[in-house]
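Architecture and fold: a report
Residue strings, one per chain:
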Amino acid sequence: MACEVAIFGRNHGVFALISVDEALARILSHVQPLEPERVSILDAMGRVLSEEIVSDIAIPPFDNSAMDGFAVRSADVAQATPESPVRLAVVDSVAAGYVAAMRVEPGTAIRIMTGAPLPTGADAVVPYEDTSDFDRSKDARLAAPADEIEVRGAVQARDHVRPAGEDVYEGEQVMVPGRVIRAQEIGVLASLGRESVLVHRRPRVAILATGDELLEVHEPLQPGKIRNSNEYTNAALVTRTGGIPVRLGIGRDTEADLIERIRSGLERGADLFLTSGGVSVGDYDVVKDVLGKEGQMQFWQVRMKPGKPLAFGLLTGGVPLIGLPGNPVSAMVSFEQFARPAILKMLGHIDLAKPEVRAVLDDPLTNSGRRAFVRVIVSQRLGNYHARTTGEQGSGVLTSMSKANGLAIVPEETLYLEEGSEVAVQMLDWPEGMGL
Ligand code: AMP
Ligand code: MG
């Protein structure tokens, strides 16, 4: 960018504050869908297809009955009513999985079960309910199958018949790359005879928390120390998004320690790094310096609140690193805006946007010229979504995220939103795009 000057080392240089949209576009320009891998169809659940699926068969493969009843020639029963039924001789019986030995000739019928192939000569099925067999119990029917039935209702050609290819025709393109595999796609693949499919590989996302103040979860608190929560939030978010978290532990606020951990992440095959902390303007904020030494910083600082001190760069070899802010709320909000779409793109997703609704504000909101992401509770009342804030919005107050189910977006240029105004809200827990 025009006003960007790349100087690294203790003096981080001058980086222009950029918009959320520009930051996202620049991050996405440096990540690509990962290469395909073959997985069994059950393991493909939630993954993104990287091949086209064309059917080499028709589904169903043959005309078959949609009902339990009698396969008939529709012309034979065109006049049938309950008052003047038509009598037909029953010449055979066919269950699902078998083929009738006989043909349906004029004046005859073949008893047929749902899913059984329509016998030659028949063009329709009369349901049991419309025949004299309906008067008899199942036991009676099995013990002494009727050799003649009364048909009490007319059918037209193709009635109660599922034609071959009704679901999928031979040669049909059934799925295209980018389709997210759900239970129904797995079922379709099974019916096509596909045991495995090609999906995009899942990214390995290295997670590195930084800060001399950080303690492991099991450690007792000590003066000046806090527990490391970002690593856990990030690992959980990576998993939820479909990536594989690779945890690099707590990095100390020294260049040497961070460099060593980043190198170990590269050795462990990281496709993306997520650091937290160390990207602000404090004396020990060394992530940016490390990015300069081990790669190249692309931008620093985004016009958003919370989450301003975001850093992005490429490590030597091109592996992207998103330097999330340290404050736990900022880290999460920044993950949702930047890391989530990057991971989704690597997974092959086409729809990278977080689901949004328009909601009526129950509280007024003030803003300061940056795009604000306000933790809100969205509820539905009389067909409208309503949003109220979770209260204290400090970027260190992680329970504000825990209370929230959405992030209300206040645009940069909007400095005040009164109660009752409409606002866009990103829904935190709604499922990812389906690529439909
Ligand atoms: P920093 O940007 O490194 O100055 O961190 C900003 C704030 O976030 C500080 O109050 C840190 O203690 C806090 N912080 C940084 N990393 C973590 C973490 N992994 N877990 C919880 N809090 C953190
Ligand atoms: Mg720090």
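First things first, this report covers the structure right here in the doc. This one's a predicted model, so the numbers in the text were calculated from it and none came from an experiment.

**As for the overall build of the chain**
On a plain count of helices and strands, the chain comes out with 8 helices and 29 strands. C-alpha extents for the chain along the principal axes are approximately 95 × 50 × 50 Å. Partitioning the intrachain contacts of the chain with sequence separation of at least 6 by distance along the chain shows that 71% fall at a separation of at least 24. When the accessible surface of the chain is totalled, it reaches about 20100 Å², and 53% of it is carbon and sulfur. If the 43 positive side-chain charges of the chain are averaged to one point and the 59 negative ones to another, these points end up 6 Å apart.

**With respect to the environment of Asp283**
For Asp283, the location among the structural elements is in the loop between strand S18 (272-276) and helix H6 (287-294). Under the relative-accessibility criterion, Asp283 is labelled exposed at 60%.

**Topic: the packing of helix H4 (residues 230-241) against helix H7 (residues 328-346)**
Across the interface, H4 lies against H7 with an axial gap of 10 Å and an inter-helix angle of 30 degrees. Relative to H7, the element H4 lies roughly parallel. By crossing handedness, the relation of H4 to H7 is classed as right-handed. The residues of H7 that touch H4, namely those facing Asn230, Thr233, Asn234, Leu237, Val238 and Thr241, are Pro328, Ala331, Met332, Phe335, Glu336, Arg340, Ile343 and Leu344. Tallied by class, residues from the contact of H4 with H7 come to 8 nonpolar, 4 polar and 2 charged.

**Thoughts on the packing of helix H1 (residues 20-28) against H7**
Helix packing for two helices is described by the angle between their axes and how far apart those axes are. Direction vectors running N to C along H1 and H7 enclose 30 degrees, while the axes themselves pass 10 Å from each other. Judged by the angle between their axes, H1 and H7 are roughly parallel. For the pair H1 and H7, the sense of crossing is right-handed. Residues Val20, Ala23, Leu24, Ile27 and Leu28 of H1 pack against Gln337, Phe338, Pro341, Ala342 and Lys345 of H7. A class-by-class count of the residues in the contact of H1 with H7 yields 8 nonpolar, 1 polar and 1 charged.

**Observations regarding the sheet that holds strand S7 (residues 86-94)**
Taken in spatial order, the 5 strands of this open sheet run S9-S6-S8-S7-S10, and their pairing is mixed. Single-partner strands in this sheet number two, and they are strand S9 (124-127) and strand S10 (148-151). Between one strand axis and the next, the sheet turns by 45 degrees as a mean value, whatever way the strands run. Summarising the sheet, strand S6 (residues 69-72) and strand S8 (residues 108-112) pair through 3 bridges and their orientation is antiparallel. Note on S8: the bridge partner recorded for Phe70 is Arg111.

**A few points about the environment of Phe335**
With respect to the helices and strands, the residue Phe335 is situated in helix H7. Phe335 gets classed as buried once you look at its relative accessible area, which sits at 0%. When the C-alpha positions of Phe335 and Ala100 are compared, they lie 61 Å apart, and in sequence the two are 235 residues distant. Among all residues touching Phe335, those that are not within four sequence positions of it are Asn234, Leu237, Val238, Thr241, Leu274, Leu324, Arg340, Pro341 and Ile343.

**Some remarks on the pattern of salt bridges**
For the coordinates displayed, the defined rule picks out 23 salt bridges. Residue Arg26 is joined to Glu22 by a salt bridge in which the shortest nitrogen-to-oxygen separation is 3.6 Å. Of the two residues, Arg26 and Glu22 are both situated in helix H1; the distance of 4 residues between them amounts to about one turn of the helix. A relative accessible area of 16% means that Arg26 is categorised as buried. Assessed through its relative accessible area of 26%, Glu22 is described here as partly exposed. Between Arg111 and Asp133 there is a salt bridge; the shortest N-O distance is 2.5 Å. Here the residue Arg111 occupies a position in strand S8, and Asp133 occupies one in the loop between S9 and helix H2 (138-143), the gap between them amounting to 22 residues.

**Some words on the site of ligand 1**
The environment of ligand 1 is made up of 16 residues, and the closest members are Glu213, Asn228, Ser229, Gly278 and Gly326. Within the backbone of Gly278, one N or O atom sits 2.9 Å away from an oxygen atom of ligand 1. Take Gly326: an N or O atom from its main chain is 3.2 Å from an oxygen atom of ligand 1. Within the complex, 76% of the 490 Å² of free accessible area of ligand 1 lies under protein. Those elements giving two or more residues to the shell around ligand 1 turn out to be strand S14 (204-210) and strand S16 (226-227).

**Focus on the packing of aromatic side chains**
Using the criterion set out here, one finds 3 aromatic pairs in the structure. On the numbers, 5.6 Å between centres and 80 degrees between planes, the contact of Phe70 with Tyr128 is edge-to-face. Of the two residues, Phe70 sits in strand S6 while Tyr128 sits in the loop between S9 and H2, which places them 58 residues apart along the sequence. With a centroid separation of 5.6 Å and 35 degrees between ring planes, the pair formed by Phe299 and Phe312 is classed as tilted. Taken together, the residues span a long stretch of sequence, with Phe299 in strand S19 (residues 295-300) and Phe312 in strand S21 (residues 311-315) at a distance of 13 residues.

Criteria and cut-off values
Residues numbered from 1 in each chain as written. Chains lettered and ligands numbered in written order. Predicted model: local features only at pLDDT ≥ 70, side-chain atom pairs only at ≥ 80, totals over all residues. Heavy atoms only, no water. Helix = DSSP H or I, 4+ residues; strand = E, 2+ residues; numbered from the N terminus. Contact = heavy atoms within 4.5 Å. Areas by Shrake-Rupley, 256 points an atom, 1.4 Å probe, with all protein chains shown as cover. Lys, Arg positive; Asp, Glu negative; His and termini not counted. Charge placed at Lys NZ, Arg CZ, Asp CG, Glu CD. Buried < 20%, exposed > 50% of the residue type's maximum accessible area, 1.4 Å probe, protein only. Axes fitted to C-alpha atoms, helices over the stretch in contact; angles between N-to-C directions. Parallel < 35°, antiparallel > 145°, perpendicular 65-115°, else oblique. Left-handed = near helix turned anticlockwise from the far one by under 90°. Nonpolar A, V, L, I, M, F, W, Y, C, P; charged D, E, K, R; others polar. Pairing = 2+ DSSP bridges. Salt bridge = Lys/Arg side-chain N within 4 Å of Asp/Glu carboxyl O. Near = heavy atom within 4 Å. Polar contact = N/O pair within 3.5 Å; in protein donor to acceptor, adjacent residues only side chain to side chain. Phe/Tyr/Trp six-rings, centres within 6.5 Å; stacked < 30°, edge-to-face > 60°.

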